[in-house]
Amino acid sequence: MASSSPVVVLTGANGLVGTAVCRALVERSAQVRAVVRRAGSAPALDGVTEHVGDFADESFARAVTQGADAVVTTVHPMGSSREVQHRVGAEGTPVLARAARDAGVARLVHVSTAGVYDRSAGVGDVAEDGALLPEGSGDYEDTKNATDTALAQVGGLTTVLVRPPAILGAGDTSVWNTLRPREVRDGNRPVNPAKTWPWVHVDDLAALIADVATGAVTTADDPERGPVAGRATPVIVAGEPATWRDYLGTVTDALGVSPEWTDEPVWTGRLRTDRARRWGWEPRVSLARALAELRQGLTTRA
């Protein structure tokens, strides 16, 4: 991007991922238009202005994208009904994407999920061209796949579909640091310890998103070298290899409960991050550090 201080619209700016992306964008001298639904909930950072509204509202979407260089979308109501997930993701997010395209925004970065890929037992390593899950795989998987498809159909917009696995990071709304451990504490803990547990720390995820949004990652004719102009390019982002023994073992030990190990066939492959690394991304948070942060949060709350 030509501007040394790009203007970036960010939805879900008050969420776990959104807050981290806000910080990363400000560190890169971006001016952030933080879209939230509740006044006063956007991060209080220099360079961040709060915009309260519904990004699925066409008039609001047009207004907030005018003069912007990039748009980052992080909102998906995981855990809500299928109807709500579809309305917000597959129907609402493309409204913002079309407004961005019409406003001449250089690129849109959408937080998708590696959960759209088939990772059943026997499937090997998974890269961006891996098989996607079929319709009927689950409300979250179906609606995330539908959202990606809808965004890919917004012609004339350079779109990057960032696909993270489990996102680690401290916070009350963090699925893997807070919400999932609550389920474990309440008895939901059977799993094969050898099953692959792909993960990424929210700070590393935010770094890639911010680099793509601010143009540090330039467009290219080949998706292995950068986002393809005018098309939707998926990119997987994940940390070092881990298993459920690593994650669940840490959680159960911190909570003082016992894991329930099983032996059913499971996926033991890896998420390939070759593309993200060719774009210049490298994870900085080690598994040991991420699990130590997880443990500290659980023992402090206990």
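Look a little higher up for the structure.
As the structure is a computational prediction, the values presented were derived from the model and not from experiment. (Residues numbered from 1 in each chain as written. Predicted model: local features only at pLDDT ≥ 70, side-chain atom pairs only at ≥ 80, totals over all residues. Heavy atoms only, no water.)

A. Examining the overall build of the protein more closely. Helix and strand content of the protein: nine helices and eleven strands. The C-alpha radius of gyration of the protein comes to 19 Å, within 12% of the 19 Å expected for a compact globule of 302 residues. C-alpha atoms of the protein, sized along the principal axes, occupy 55 × 40 × 35 Å. When burial is assessed residue by residue, the protein has 50% of its 302 residues classed as buried. (Helix = DSSP H or I, 4+ residues; strand = E, 2+ residues; numbered from the N terminus. Rg over C-alpha atoms; globule rule 2.2 N^0.38 Å. Buried < 20%, exposed > 50% of the residue type's maximum accessible area, 1.4 Å probe, protein only.)

B. How the structure looks around the pairing of strand β1 (residues 7-11). With five of its five residues buried, β1 lies for the most part within the structure. A two-sided burial pattern is seen for β1, the buried positions comprising V7, V9 and T11 on one face and V8 and L10 on the other. Here β1 runs beside strand β2 (residues 31-36); their pairing, made up of five bridges, is parallel. Pairing of L10 across the sheet is with A34, part of β2. Handedness of the crossover joining β1 and β2 through helix α1 (residues 16-27): right-handed. (Pairing = 2+ DSSP bridges. Right-handed = clockwise from strand over helix to strand, strands pointing away.)

C. Inspection of the packing of aromatic side chains at higher detail. All chains considered together, the criterion is met by five aromatic pairs. An angle of 70 degrees between the planes, with centres 5.8 Å apart, marks the rings of W176 and W197 as edge-to-face. On the criterion of sequence distance, the pair formed by W176 in helix α5 (residues 175-185) and W197 in the loop between β8 (190-191) and β9 (199-201) is long-range, its members being 21 residues apart. Centre to centre, the rings of W197 and Y247 are 4.5 Å apart; their planes meet at 15 degrees, and the pair counts as stacked. Here the residue W197 occupies a position in the loop between β8 and β9, and Y247 occupies one in helix α7 (residues 244-255), the gap between them amounting to 50 residues. For Y247, a relative accessible area of 0% corresponds to the buried category. The ring of W261 carries the charged tip of R245 above its face, separated from the ring centre by 5.4 Å. (Phe/Tyr/Trp six-rings, centres within 6.5 Å; stacked < 30°, edge-to-face > 60°. Lys NZ or Arg CZ within 6 Å of the ring centre and 35° of its normal.)

D. Looking closely at the nonpolar core. Ranked by size, the top nonpolar core spans 38 residues in total, and within it V17, V21, L25, V72, V162, L205 and I209 carry the most contacts. Sorting the residues of this core by element identifies β1, α1, β2, β4 (70-73), β5 (107-111), β6 (158-163) and α6 (202-213) as the ones contributing at least two each. Of the residues forming this core, the biggest block, eight residues, is contributed by α6. Beyond its immediate stretch of four places on either side in the chain, V72 contacts V8, V9, L10, T11, V21, V109, I209 and A213. Judged by nonpolar contacts, the second largest core, of 21 residues, contains V9, A99, A100 and L151. (Core = buried A, V, L, I, M, F, W, Y, C linked by side-chain atoms within 4.5 Å. Contact = heavy atoms within 4.5 Å.)

E. A look at the sheet that holds β1. As summarised here, the arrangement of the seven strands in space is β3-β2-β1-β4-β5-β6-β10, forming an open sheet in which the pairing is parallel. Two strands close off the open sheet at either side, each with one partner strand: β3 (48-52) and β10 (232-236). Along the sheet, successive strands turn relative to each other by an average axial angle of 20 degrees, direction set aside. Examined bridge by bridge, β1 and β4 share three bridges and lie parallel to one another. Residue pairing for β4: V8 is matched across the bridge by A70. Running over the sheet, helix α3 (residues 82-102) touches β1, β4 and β5 and is turned about 175 degrees from β4. (Axes fitted to C-alpha atoms, helices over the stretch in contact; angles between N-to-C directions.)

F. Region of interest: the pairing of β2. When you tally the buried positions in β2, you get five out of six residues, the bulk of the element. For β2 and β3, the ladder comprises five bridges, and the chain directions are parallel. Looking at the pairing, V36 lines up with V52 of β3.

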